[in-house]
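Overview (structure and organization)
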Amino acid sequence: MKDALVEVQEVGKEFHGRWVLRDVSFTVKEGEILGFLGPNGAGKTTTMRIITGYLPPSVGRVKVAGYDVTENPLEVKKRIGYLPESPPIYRELTVKEYLKFVMEIKDVPRRERKERLSEVIEYCGLKDVYGRLVGNLSRGYRQRVALAQALISNPDLLILDEPTSGLDAVQIAEVRSLIRSLKGKHTVILSTHILPEVTATCDRVIIISNGKIVAEDTLEGLEARLRPSKKVEIKVARYRDKVCEEISKLPSVISVVPSRNDAILVEYPQSLDLREDIARVIVNLGAGLLELKPVSMTLEEVFLQLVTEEEAGKA
């Protein structure tokens, strides 16, 4: 098992007498892409800022690569690349000038700068705009430049806060592709309220609501906890009504419901696997099995259930 690169221990943050984070604890392993998910105002950005050392916690501790963020802020900052929701890019500089400036302030060793610059320009697809003013670039290219500044020091940890905010569909797809390509090369914390972002890129999910973590697991693990049953979708060539009737007779089947596109939805307990029994019924009937596939909860369903439960508990 890989070591934890990030350790967040019972962190809380108070602003003007109001606790916006309460008892937040989690770890992130080396090489992992973690999705930090929650509605607007849930505490995502505050948590990211505390990890980077931009904000101090009111209580609790954060360590990055073994260094305490409060006690050793410079050591932590050396190991982090940060892409905030509103990136600090200087519009009056060219892409080349800006990235060279970032290497200076991040103290990238001089002997490595030429190679790092070349690698990041290639990786982020900035060759065609290398000499242009940042202020004259499209929103999508400016976001690529912002990602390049986060990567330029080859950090252990990348923190990406709403990295596709304000982008169009094509630009979003490009940025997601870039993030996926980071897997195994960097540890990534991706903070977002856009659900497909997490499904498309992340190994594990943390859901935060009202300043508290309400769930932490893989998407599959969250589904197993929240849904007490499994569902499979079946398509047959013929005898659909008879198939429904016979499958409903199987022990432990909870429901058999005709579904969209002439499919059949079968539900049974989470602890069982009835797929072989279901297939046998269809074959014995000569109904022509065309498709049998599991139906998973979407991240949206998981998210809404957890956040709704949190709101109900708060009321």
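Residues numbered from 1 in each chain as written. Predicted model: local features only at pLDDT ≥ 70, side-chain atom pairs only at ≥ 80, totals over all residues. Heavy atoms only, no water.

1. Side note on the domain arrangement of the protein chain
Quoted interface sizes are often the accessible area lost when the parts come together. Each assigned domain of the protein chain is listed here: domain 1 (4-224) and domain 2 (229-296). Using only C-alpha atoms to locate each centre, domain 1 and domain 2 end up separated by 44 Å. (Domains from an automatic or database assignment.)

2. Some points on the sheet that holds strand 11 (residues 229-236)
Strand order in the open sheet formed by 4 strands is 12-13-11-14, with antiparallel pairing between adjacent strands. Of all strands in the sheet, those with a lone pairing partner are strand 12 (255-258) and strand 14 (289-294), marking the two edges. On average, adjacent strands in this sheet sit at an angle of 20° to one another, irrespective of strand direction. Pairing of strand 11 with strand 13 (residues 264-269), which is carried by 6 bridges, proceeds in the antiparallel orientation. Note that in strand 13 the partner of Val 232 across the bridge is Val 266. (Pairing = 2+ DSSP bridges. Helix = DSSP H or I, 4+ residues; strand = E, 2+ residues; numbered from the N terminus. Axes fitted to C-alpha atoms, helices over the stretch in contact; angles between N-to-C directions.)

3. Some thoughts on helix 4 (residues 110-123)
In an α-helix, one full turn covers 3.6 residues, which means residues spaced three or four apart are oriented alike. Counted at 1.5 Å a residue, the expected span for helix 4 with its 14 residues is 20 Å, and the 20 Å between its end C-alpha atoms agrees. Within helix 4, burial applies to Arg 113, Arg 116, Leu 117, Val 120 and Ile 121. On its buried face, helix 4 sits against helix 3 (95-105) and helix 5 (139-151). The first or second residue beyond helix 4 is Gly 125, which carries a positive phi of 65°. (Expected span 1.5 Å × (residues − 1). Buried < 20%, exposed > 50% of the residue type's maximum accessible area, 1.4 Å probe, protein only. Contact = heavy atoms within 4.5 Å.)

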